[in-house]
Amino acid sequence: MSPDQHQRPLSGRKALITGASRGIGAEIARAYAAAGADLVLTARDGAVLAAPAERLAAEHRVRTVVLSADLADPDVPDRLWDEASGLMEGLDVLVNNAGLSHPETVEALETARFDETLQVNLRAPALLAARAGAAMAASGGGAILTIASAAALRPLVEHFAYSTAKAGLVMATRTLALELGERGVRANSICPTVVLTDMGQKVWGEQPDKAAPMLARIPQSRFAQPREVSDVAVWLASDAASMINGAEIPVDGGYLVS
């Protein structure tokens, strides 16, 4: 491995990252740029990504392109991959990160919110991954990363729609790994517990009474930092993870085994 490959393990790769304007998506964008990847970054309002994309391009000497993509629009998945791939003349990596959550009990479940959660967290990313996987298989291979959740693997109260959608997306990712692995496509899921993004810090870090029961179920007694998710995302897209396919990687401090 050359020094550049060691320091910039994604050099030469081109990646599409959805939901890149904040939180985990923004951190993965930063980490991928630092690792040498050219990027297509999406958000519902692509304008908010213009300045961050320019900074990443200048700081890390990579190419960045911004697209507006609202995954609540049922037509977006069918065209997003083609548009992004056309701008970059091909893509090697998809990071399915965009998502939303409407915490509510089963008894308070609203059909409209349930439908929106499944559209954004399951239907759109699954269809986007299928389109990406087919294109990657035809061109020699690539990597698909699903940013799922520990809630996809272990039920969480007040997350009926969210857990349902993320569990379905994990299974979709496994199926892609099974069908396309022999053609060089690797598909894996990252399953974090609570991540202290700006929003996570506000909801969990600044509310000790709410955080305490969750922390009690995590052997390491803390929540994840965004960098701990992005480090795994870089690794899974790199040659260092060339034999990792169809896996769910927990970033949870032991939550799933407690």
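Residue positions within a chain follow its written sequence, with the count starting from 1. Per-residue local features are limited, in this predicted model, to residues with pLDDT of at least 70; the limit for side-chain atom pairs, both in listing and counting, is 80 or more; totals at the level of whole chains, interfaces and linings are taken over all residues. The side-chain figures draw on all heavy atoms in the structure; neither hydrogens nor water molecules are used.

Caption draft 1: Inspection of the nonpolar core at higher detail. Within the largest apolar cluster, 36 residues are counted, with the highest numbers of intra-cluster contacts made by Ile17, Tyr32, Leu39, Leu41, Leu145 and Ile190. Note on contacts: a residue pair is in contact if any heavy atoms of the two residues lie within 4.5 Å. Leaving out residues up to four positions away in the same chain, Ile17 has contacts with Gly25, Ile28, Ala29, Tyr32, Leu39, Val40, Leu41, Thr42 and Val95. Put simply, a nonpolar core is a bunch of buried Ala, Val, Leu, Ile, Met, Phe, Trp, Tyr and Cys residues held in one set by side-chain atoms that sit within 4.5 Å of each other. Summary of the burial criterion: residues with accessible area below 20% of their type's maximum are buried, those above 50% are exposed, and those between are partly exposed, where the area comes from a 1.4 Å probe applied to protein chains only. Core analysis: the next-biggest nonpolar cluster, separate from the first, contains 27 residues, Val40, Leu67, Leu80 and Leu176 among them.

Caption draft 2: Geometry of the packing of aromatic side chains. Stacked, edge-to-face and tilted are the three classes for Phe, Tyr and Trp ring pairs, Trp counted by its six-membered ring, which pair at centre distances within 6.5 Å; planes under 30 degrees apart are stacked, over 60 edge-to-face, the rest tilted. A complete count under the given rule lists two aromatic pairs for this structure. Here Trp204 and Phe223 contribute two aromatic rings whose centre-to-centre distance is 5.8 Å and whose plane-to-plane angle is 70 degrees, an arrangement assigned as edge-to-face. Placement of Trp204 in helix 7 (residues 198–205) and of Phe223 in the loop between helix 8 (208–215) and helix 9 (226–237) is noted, with a sequence separation of 19 residues between them. Charge-over-ring placement is defined geometrically: NZ (Lys) or CZ (Arg) within 6 Å of the ring centre, and within 35 degrees of the ring normal. Above the face of the Trp204 ring, Lys210 is positioned so that its terminal group lies 4.9 Å from the ring centre. Labels follow the DSSP assignment, with helices taken as runs of H or I lasting at least four residues and strands as runs of E lasting at least two, numbered in each case from the N terminus.

Caption draft 3: Main features of the pairing of strand 5 (residues 142–147). Strand 5 sits mainly inside the fold: six of its six residues count as buried. Here strand 5 shows no split at all, with Gly142, Ile144 and Thr146 on one side and Ala143, Leu145 and Ile147 on the other all buried. Regarding the hand of the β-α-β motif, the stretch spanning strand 4 (residues 93–96), helix 5 (residues 111–139) and strand 5 is right-handed. Here strand 5 pairs with strand 6 (residues 185–192) via six bridges, running parallel. By the bridge assignment for strand 6, Gly142 is matched with Val185. Following the chain from strand 5 across helix 6 (residues 160–180) to the adjacent parallel strand 6, one finds a crossover that is right-handed. Orient the strands so they point away from the viewer; a crossover is then right-handed if the path from the first strand over the helix to the second runs clockwise. Strand pairing follows a simple DSSP-based rule, namely that at least 2 bridges must link the two strands.

Caption draft 4: Inspection of unusual backbone geometry at higher detail. Although it is not a glycine, Arg61 sits at a positive phi angle of roughly 60 degrees. The residue Arg61 is located in the loop between helix 3 (50–60) and strand 3 (64–68) in this model. Phi angles above zero are rare outside glycine, and Glu89 is one such case at about 55 degrees.

Caption draft 5: Just helix 6, in detail. Given the number of residues in a helix, its expected span is that number minus one, multiplied by 1.5 Å. Here helix 6 contains 21 residues, and its C-alpha end-to-end distance of 30 Å stays within 8% of the 30 Å for a straight helix at 1.5 Å per residue. Where helix 6 is concerned, the buried positions are Ala161, Tyr162, Ser163, Ala165, Lys166, Leu169, Val170, Thr173, Leu176, Ala177 and Leu180.

Caption draft 6: Inspection of a nonpolar patch on the surface at higher detail. A contiguous nonpolar patch, built from Val106, Leu109 and Phe160 and spanning about 250 Å² of accessible area, is present on the exposed surface. Topologically, Leu109 is positioned in the loop between strand 4 and helix 5. Exposure remark for Leu109: the relative accessible area of 31% places this residue in the partly exposed category. By definition, no residue in a patch forms a salt bridge, and every one has over 30% relative accessible area; like charges are joined within 9 Å, nonpolar side chains (Val, Leu, Ile, Met, Phe, Trp, Tyr) within 5 Å. Surface accessibility in these figures is a Shrake-Rupley result with a 1.4 Å probe; residues are shielded only by whichever protein chains are displayed. Any Lys or Arg side-chain nitrogen found within 4 Å of a carboxyl oxygen on Asp or Glu counts as a salt bridge.

Caption draft 7: Empty space enclosed by the protein, seen in detail. In this analysis the probe radius is 1.4 Å and the grid spacing 1 Å, with only protein atoms considered; a cavity is a set of points the probe fits into but cannot get out of, a pocket is an open set with protein on both sides within 12 Å along at least five of seven lines, and lining residues have an atom within 4 Å of a point. Grid points are joined across faces, edges and corners, and a volume is the space filled by probe spheres set on the points. Throughout the structure, instances matching the rule amount to one cavity of 30 Å³ or more. Estimates place the volume of the largest cavity at around 60 Å³. As for the largest cavity, its lining consists of Ser101, His102, Pro103, Glu104, Leu109, Thr117, Glu158, His159, Phe160, Ala161 and Tyr162. The leading source of residues in the lining of the largest cavity is helix 6, at three residues.

Caption draft 8: Expanded view of the environment of Glu182. Checked against the element boundaries, Glu182 lands in the loop between helix 6 and strand 6. For the pair Glu182 and Gly141, spaced 41 residues apart in sequence, the C-alpha separation works out to 9.2 Å.

Caption draft 9: Molecular detail of the pattern of salt bridges. Under the criterion given, the structure shown has nine salt bridges. In this structure, Arg131 engages Asp82 in a salt bridge whose closest nitrogen and oxygen atoms are separated by 2.8 Å. Of this pair, Arg131 sits in helix 5 while Asp82 is found in helix 4 (residues 76–88), placing the two residues 49 residues apart along the sequence. Arg131 sits in the partly exposed class, given a relative accessible area of 28%. With a relative accessible area of 45%, Asp82 lands in the partly exposed category. Ionic pairing is found between Asp231 and Arg227, a salt bridge with its closest N-O pair at 3.6 Å. Residue Asp231 and its partner Arg227 are located together in helix 9, separated by four residues, close to a single helical turn. The network of salt bridges with shared partners includes Asp78, Asp82 and Arg131.

Shape descriptors only; they carry no functional weight alone.
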